[in-house]
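# Summary of the model geometry
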Amino acid sequence: MRSLRVGAAQLGPIARHAGRGEVVDRLVALMRRGSDAGCQLVVFPELALTTFFPRWYLDDDPKELDSYYETEMPGPATQRLFDEARVLGVGFYLGYAELTPEGNRYNSSILVERDGSIVGRYRKVHLPGHEEHEPDRPFQHLERRYFEEGPDGFGVWNAFDGIVGMALCNDRRWPETYRVMALQGVEMVMIGYNTPLHYTPDPSQNPLQSFHNRLVMQAGAYQNGTWVVGVAKGGIEEGVESLAQSMIIAPSGQVVAEAVTIGDELVVAECDLDWCKHYKETLFNFDRYRRPEMYNLIAQPKAEG
Ligand code: CDT
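What counts and how
Residues numbered from 1 in each chain as written. Predicted model: local features only at pLDDT ≥ 70, side-chain atom pairs only at ≥ 80, totals over all residues. Heavy atoms only, no water. Axes fitted to C-alpha atoms, helices over the stretch in contact; angles between N-to-C directions. Helix = DSSP H or I, 4+ residues; strand = E, 2+ residues; numbered from the N terminus. Parallel < 35°, antiparallel > 145°, perpendicular 65-115°, else oblique. Left-handed = near helix turned anticlockwise from the far one by under 90°. Contact = heavy atoms within 4.5 Å. Nonpolar A, V, L, I, M, F, W, Y, C, P; charged D, E, K, R; others polar. Buried < 20%, exposed > 50% of the residue type's maximum accessible area, 1.4 Å probe, protein only. Polar contact = N/O pair within 3.5 Å; in protein donor to acceptor, adjacent residues only side chain to side chain. Near = heavy atom within 4 Å. Areas by Shrake-Rupley, 256 points an atom, 1.4 Å probe, with all protein chains shown as cover. Phe/Tyr/Trp six-rings, centres within 6.5 Å; stacked < 30°, edge-to-face > 60°. Lys NZ or Arg CZ within 6 Å of the ring centre and 35° of its normal. Pairing = 2+ DSSP bridges.

## Topic: the packing of helix 1 (residues 20-36) against helix 3 (residues 79-88)
The contact between helix 1 and helix 3 brings their axes to 10 Å, and the two run at 15°. Relative to helix 3, the element helix 1 lies roughly parallel. Between helix 1 and helix 3 the crossing geometry is right-handed. Residue-level inspection shows Gly21, Val24, Asp25, Leu27, Val28, Met31, Arg32 and Ser35 of helix 1 in contact with helix 3, the latter providing Arg80, Leu81, Glu84, Ala85 and Leu88. Residues belonging to the contact of helix 1 with helix 3 are distributed by class as follows: seven nonpolar, two polar and four charged.

## Focus: the environment of Glu176
Looking at where Glu176 falls in the secondary structure, it is placed in helix 5 (residues 175-182). Along the sequence, Glu176 and Phe154 sit 22 residues apart, while their C-alpha atoms lie 9.4 Å from each other.

## Concerning the side chain of Gln10
Within the fold, Gln10 resides in strand 1 (residues 3-10). On the basis of relative accessible area, Gln10 is assigned to the buried category, the value being 0%. Only 2.9 Å separates the side chain of Gln10 from the backbone oxygen of Thr261, close enough to count as a polar contact.

## A look at the site of the ligand
Inspection of the region around the ligand gives 13 residues, with Lys124, Cys169, Asn170, Arg173 and Thr195 positioned closest. Separating a nitrogen atom of the ligand from a side-chain N or O atom of Glu46 is a distance of 2.9 Å. In the environment of the ligand, a nitrogen atom lies 3.0 Å from a nitrogen or oxygen atom belonging to the side chain of Glu143. Taken by itself the ligand offers 360 Å² of open surface, and the protein chains cover 92% of this. Classifying every residue of the shell around the ligand gives four nonpolar, four polar and five charged.

## Let's talk about the packing of aromatic side chains
Overall, the coordinates contain 11 aromatic pairs when judged by the stated rule. Seen in terms of ring centroids, Trp227 and Trp275 are 5.5 Å apart; in terms of plane orientation they differ by 80°. Their pairing is edge-to-face. Here Trp227 is found in strand 10 (residues 227-232), whereas its partner Trp275 is found in helix 7 (residues 275-280), with 48 residues between them in sequence. Of the residues examined, Trp227 reaches a relative accessible area of 1% and is grouped as buried. The rings of Phe53, Tyr68, Tyr69, Tyr146 and Phe147 are connected pair by pair, giving a single aromatic cluster. The ring of Tyr193 has Arg172 sitting right over it, with the charged end atom 4.1 Å from the ring centre.

## Section: the sheet that holds strand 10
Strand order in the open sheet made by the six strands is 7-8-9-10-13-14, with mixed pairing throughout. For this open sheet the edge positions go to strand 7 (156-159) and strand 14 (255-258), each flanked by a neighbour on one side alone. Going across the sheet, the axis of each strand differs from the next one's by a mean of 20°, ignoring polarity. In this sheet, strand 10 lies alongside strand 9 (residues 188-193) in parallel orientation, the contact comprising six bridges. Pairing of Met190 across the sheet is with Val229, part of strand 10.

In structure tokens form, the structure reads like this:
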């Protein structure tokens, strides 16, 4: 048994004008709760340092837009998280908006080990929403305006005595996300998310948000023999209600722990990474049973135009 005790550190809303200091206070409080609960790793949501700013068209205020990005990691406001990790011996996954020295903007996450060192960084591959202001919507979803598509794909890292990977929000709906990491032996996929309950392009999906959240993450876990830790920023943030329902899912596809609130909450599970073998070495023994030569279309580039 290779046991990793994990905390899904769900957040409630973050106000538009909340300062980094007060947000980091909340994250540190959850890390301490994780430490008290014996966690070696806590997983925070997507864009966990700010409000979900793609809901506003901010072209008339570039200063406000820039204020939501981190230009260094750790930076002056986030250093405290790294120090706390080292003191407590608790690693973390954190979603944030990244502005690189070259001026690239990504929806990113980092993974930090128990000694406070950065293990790896992930830049969101699947960017949902739209590029242009659509004033008829009740709120915007301008991820495609404010971020570039992540160029690095889905890596995995040897950390926390296992093989771990990262994804962000919309990535969880795509089977390729899990499969590309599973082909590299992933044993735990961490996914932070912000999912508004209202989906403007097709409101018939609104009542299914919770079902779809379970469906994709449970399927991703089972079909790839991996743990999945899905962590929300939920609740009503600046008038927009988002799904909570953070959960930890076993390689069997079973939900082993789930949030019961829509606010700041720590959901803990003891994850045996060796459980993955039950699936990776039997039903989903990729070397034995996969037929990649039958799947050519999946990896073809999109048609032009
Ligand atoms: N943050 C994020 O990726 N949210 C999307 C919302 C739906 S698309 C407007 C999601 O897939 O949950």
